[in-house]
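# Architecture and fold: a report
Single-letter residue listing:
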Amino acid sequence: MVFYGLIGMVLFIFFAVSSVISINTSSGQIKVSDSRFTLFIFVVVITIFVGYRGLTGSDTITYQYFYHSNYYPIGMEAGYIFLSRTFSNLGFSFEFFEMLIAIFTYVPLALVL
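First, a word on what this report is: a plain description of the structure on this page. Every residue gets a number counted from 1 within its own chain, in the order that chain's sequence is written. Given that this is a predicted model, residues contribute local features only at a pLDDT of at least 70 and side-chain atom pairs are listed and counted only at 80 or more, while totals for whole chains, interfaces and linings are drawn from all residues. Side-chain calculation: all heavy atoms of the structure are included, whereas hydrogens and water are not.

This part is about the packing of aromatic side chains. Each Phe, Tyr or Trp ring, with Trp reduced to its six-membered ring, pairs with another whose centre is within 6.5 Å; inter-plane angles below 30 degrees give stacked pairs, above 60 give edge-to-face pairs, and intermediate values give tilted ones. This structure, assessed with the given rule, holds 11 aromatic pairs. Where Y63 meets Y80, the ring centres are 5.3 Å apart and the plane angle is 80°; that geometry is what we call edge-to-face. Note that Y63 is positioned in helix 3 (residues 60-69) and Y80 in helix 4 (residues 78-89), a separation of 17 residues in sequence. Three exposure classes are used, based on accessible area relative to the maximum for each residue type with a 1.4 Å probe and protein chains only: buried under 20%, partly exposed in between, and exposed over 50%. Y80 gets classed as buried once you look at its relative accessible area, which sits at 17%. Relative to Y72, the ring of F66 has its centre 5.9 Å away and its plane inclined at 45°; by these criteria the two rings are tilted. Note on accessibility: F66 and Y72 belong to one class, buried. Among the aromatic residues, those joined into a ring-pair cluster are Y63, Y65, F66, Y67, Y72, Y80, F87, F92, F94, F96 and F97. The helix and strand labels rest on DSSP assignments: H or I over at least four residues marks a helix, E over at least two residues marks a strand, and numbering proceeds from the N terminus.

To form a nonpolar core, buried Ala, Val, Leu, Ile, Met, Phe, Trp, Tyr and Cys residues must be joined to one another through side-chain atoms within 4.5 Å. By size, the foremost hydrophobic cluster in this structure holds 10 residues: F66, Y67, Y72, M76, Y80, I81, F87, F94, F97 and L100. At the level of elements, helix 3, helix 4 and helix 5 (94-112) are the ones that each hand at least two residues to this core. When checking whether two residues touch, look at their non-hydrogen atoms; a contact exists if any pair is within 4.5 Å. Residues in contact with F94, not counting those within four places in the same chain, are L55, T60, Y63, Q64, Y67 and H68.

A separate point is the packing of helix 3 against helix 5. Axes, fitted as lines to C-alpha atoms, cover a helix only where it is in contact. Angles between the N-to-C directions of the axes lie from 0 to 180 degrees. Between helix 3 and helix 5, whose axes approach to 10 Å, the crossing angle comes to 110°. Of the possible angle classes, the one that applies to helix 3 and helix 5 is roughly perpendicular. When the axes of helix 3 and helix 5 are compared, the crossing they make is right-handed. Along its contact with helix 3, which presents T60, Y63, Q64, Y67 and H68, the element helix 5 presents F94, E95, F97 and E98. The class makeup of the residues in the contact of helix 3 with helix 5 is four nonpolar, three polar and two charged. When an angle is under 35 degrees it counts as roughly parallel; over 145 it counts as roughly antiparallel; between 65 and 115 it counts as roughly perpendicular; any other value is oblique. By convention, the crossing between two helices is left-handed when the near helix turns anticlockwise from the far helix through less than a right angle, and right-handed when the turn is clockwise. Residue type decides the class: Asp, Glu, Lys and Arg count as charged, Ala, Val, Leu, Ile, Met, Phe, Trp, Tyr, Cys and Pro as nonpolar, and the leftover types, Gly among them, as polar.

Once that is clear, we can look at a nonpolar patch on the surface. Together, F37, F40, I41, V44, V45, I48 and Y52 make up a nonpolar patch on the protein surface, roughly 700 Å² of accessible area in all. Secondary-structure assignment places I41 in helix 2 (residues 36-51). A relative accessible area of 37% means that I41 is categorised as partly exposed. Residues forming no salt bridge and having over 30% relative accessible area are the ones grouped into patches, like charges within 9 Å of each other and nonpolar side chains (Val, Leu, Ile, Met, Phe, Trp, Tyr) within 5 Å. Shrake-Rupley sampling with a 1.4 Å probe provides the accessible areas, and residues are treated as covered by the protein chains on show and by no other component. The term salt bridge refers to a side-chain nitrogen of Lys or Arg lying within 4 Å of a carboxyl oxygen of Asp or Glu.

As a further point, take the packing of helix 4 against helix 5. Pairs of packed helices are described in terms of their axes, by the angle between the two and the distance that separates them. The geometry of helix 4 relative to helix 5 is characterised by a closest axis approach of 11 Å and an angle of 140° between their N-to-C directions. Taken together, helix 4 and helix 5 sit at an angle that is classed as oblique. Considering how the two elements wind past one another, helix 4 and helix 5 form a crossing that is right-handed. Contacts between helix 4 and helix 5 involve Y80, L83, S84 and F87 from the first element and F96, F97, L100, I101 and F104 from the second. For the contact of helix 4 with helix 5, the per-class residue count stands at eight nonpolar, one polar and no charged.

Below, the structure written as structure tokens:
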């Protein structure tokens, strides 16, 4: 499980850097790219990668239990509880909810970059 997270972090850093920096190997020049399309592709790839991660990680099964039972511990983030309860009560799957959280995480990040 930790290995999967490490691969995800390495891919995230690689795509983030490669989406904004290009290196000309013949002249050795490093150029910052202004390509929004490359950044868009990066965001789509990383969102799908993270959104369809399945039950990886040490706490994902716990979050899945919270999602299906609508029981949440005291002190859990209010925004997460609201979104989780809303989508669970509407009948959406936990996998859909994971993808939604990935979208809410990476799309705003891309807009800032």
